[in-house]
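Summary of structural features
Given next are the chains, with one letter for each unit.
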Amino acid sequence: MVTCTSSGLTYTGITYYYGGISSAGSKTTQTVSYSGTAFNVYQTNVPGVGIAMGGTVTAHGKAGGPYPFPYYYYNNADGTNYNNGGSIIAALVKTGDITPGTMTGGTVAQAYALISSTLSGTLPPASIVGSPISITVNPVAITVLTCQTPDVSISMGTYKPADFPAVGSTTKSISFSPQLLNCPGGTAIPGTSAGLIHSVQYRIDASNGTVPGFSNVAALGGSPSAGGVGIQLYDSTGAVFEFGVYRTMAGFNSATGGNYSIPMSARYYRTGAVTAGPANSTMTMTVNYQ
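**Quick notes on the overall build of the protein**
Of the regular secondary structure elements, the protein holds zero helices and 20 strands. Evaluated residue by residue, the protein yields a buried proportion of 36% over its 290 residues. By sequence separation, contacts in the protein at least 24 residues apart represent 75% of the contacts at least 6 residues apart. For the protein, the computed accessible surface area is about 15,100 Å², with 51% contributed by carbon and sulfur atoms.

**So, the sheet that holds strand 16 (residues 227–234)**
Backbone hydrogen bonds hold the strands of a sheet together, and the pairing may be parallel or antiparallel. Judged by pairing direction, the sheet is antiparallel, and its three strands sit side by side in the order 13-19-16 without closing on themselves. Strand pairing shows two members of the sheet lacking a second neighbour, strand 13 (174–176) and strand 16, which therefore form its edges. Strand-to-strand twist across the sheet, computed as the mean angle between neighbouring axes with direction ignored, equals 30°. Note that strand 13 and strand 19 (residues 264–275) share three bridges and pair antiparallel. Following the sheet pairing, Ile-174 is matched in strand 19 by Ala-266.

**Description of the pairing of strand 15 (residues 200–206)**
The alternating pattern of strand 15 places Val-200, Tyr-202, Ile-204 and Ala-206 on a buried face and Gln-201, Arg-203 and Asp-205 on a face that is not buried. With seven bridges joining them, strand 15 and strand 20 (residues 283–289) adopt antiparallel strand pairing. Paired with Ile-204 across the strands is Met-285, a residue of strand 20. Where strand 15 lies against strand 17 (residues 247–248), two bridges are found, and the strand directions are antiparallel. Paired with Tyr-202 across the two strands is Arg-247, which belongs to strand 17.

**Re unusual backbone geometry**
For the bond from Ser-223 to Pro-224, the omega torsion is 5°, close enough to zero to count as cis. With respect to the element layout, Pro-224 can be found in the loop between strand 15 and strand 16. Although it is not a glycine, Ser-35 sits at a positive phi angle of roughly 55°. For Ser-35, the location among the structural elements is in the loop between strand 3 (27–34) and strand 4 (37–43).

**Quick notes on the state of the cysteines**
For the coordinates displayed, the defined rule picks out one disulfide. There is a disulfide in this structure between Cys-147 and Cys-183, and the S-S distance comes to 2.1 Å. Judged by the sign of its S-S torsion, about 120°, the cystine formed by Cys-147 and Cys-183 is right-handed. Of this pair, Cys-147 sits in the loop between strand 12 (140–142) and strand 13 while Cys-183 sits in strand 14 (residues 179–183), placing them 36 residues apart in sequence. For Cys-183, a relative accessible area of 5% gives the class buried.

Thresholds applied
- Residues numbered from 1 in each chain as written.
- Predicted model: local features only at pLDDT ≥ 70, side-chain atom pairs only at ≥ 80, totals over all residues.
- Heavy atoms only, no water.
- Helix = DSSP H or I, 4+ residues; strand = E, 2+ residues; numbered from the N terminus.
- Buried < 20%, exposed > 50% of the residue type's maximum accessible area, 1.4 Å probe, protein only.
- Contact = heavy atoms within 4.5 Å.
- Areas by Shrake-Rupley, 256 points an atom, 1.4 Å probe, with all protein chains shown as cover.
- Pairing = 2+ DSSP bridges.
- Axes fitted to C-alpha atoms, helices over the stretch in contact; angles between N-to-C directions.
- Disulfide = S-S within 2.5 Å.

Next comes the structure, spelled out in structure tokens:
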């Protein structure tokens, strides 16, 4: 709050400007809406993280806002002391893919007390009174909300060519469960989608690709390697698991987080003339957080 002393019939007011880590040059093309007002977003030093600011003002007992930066606010005075002030609204905004890091602390805006002899449009000629008041933020650690996904090793067993009597023959299924551990829970920031993981999607890709002509049979890797077989995955219902397609993990609780597993199974699948040798394959699971 700033106390202004006017002389005669003047206008007193207050103005806020961006500054420091939210310089005019760091303004992005994005805006965010708060209470029906669009606020500019300024890029911080952390890739993918911006900051949006605005605020409310009071001048001679009259309130206004919220307004984006920079803004001015005046009201008529009549030759005595008047309190002018307001409050700052700030929020961090995702501007792209986030790289974890620490947002630099420091000045993000400055407030100035103003006195003007005339009122003309929205930006009247004015004199700045006294020194500016700096609005600062502390450094902010930016982390990416993720679950831990341990590697899974599956022992498929040993088989003879006779165990695959024809193309399309399969071995017994081997159950396994990829896990998502220590998933963070949280409470969303009111009016936003930030503050927690809302849903988790996952997909699996065959590192060596699929066997030609068999879209969901993973090719074997390594040398030497068995011939005429690949590996096929199945979901908990027994349906073939498609490679390269995202699925939403059922049962994820964004408020509590926790540990989760995805029941699956794998089988060898005959794709041609079977020859002896190691029958190994690797696959990659990609997790997408929303």
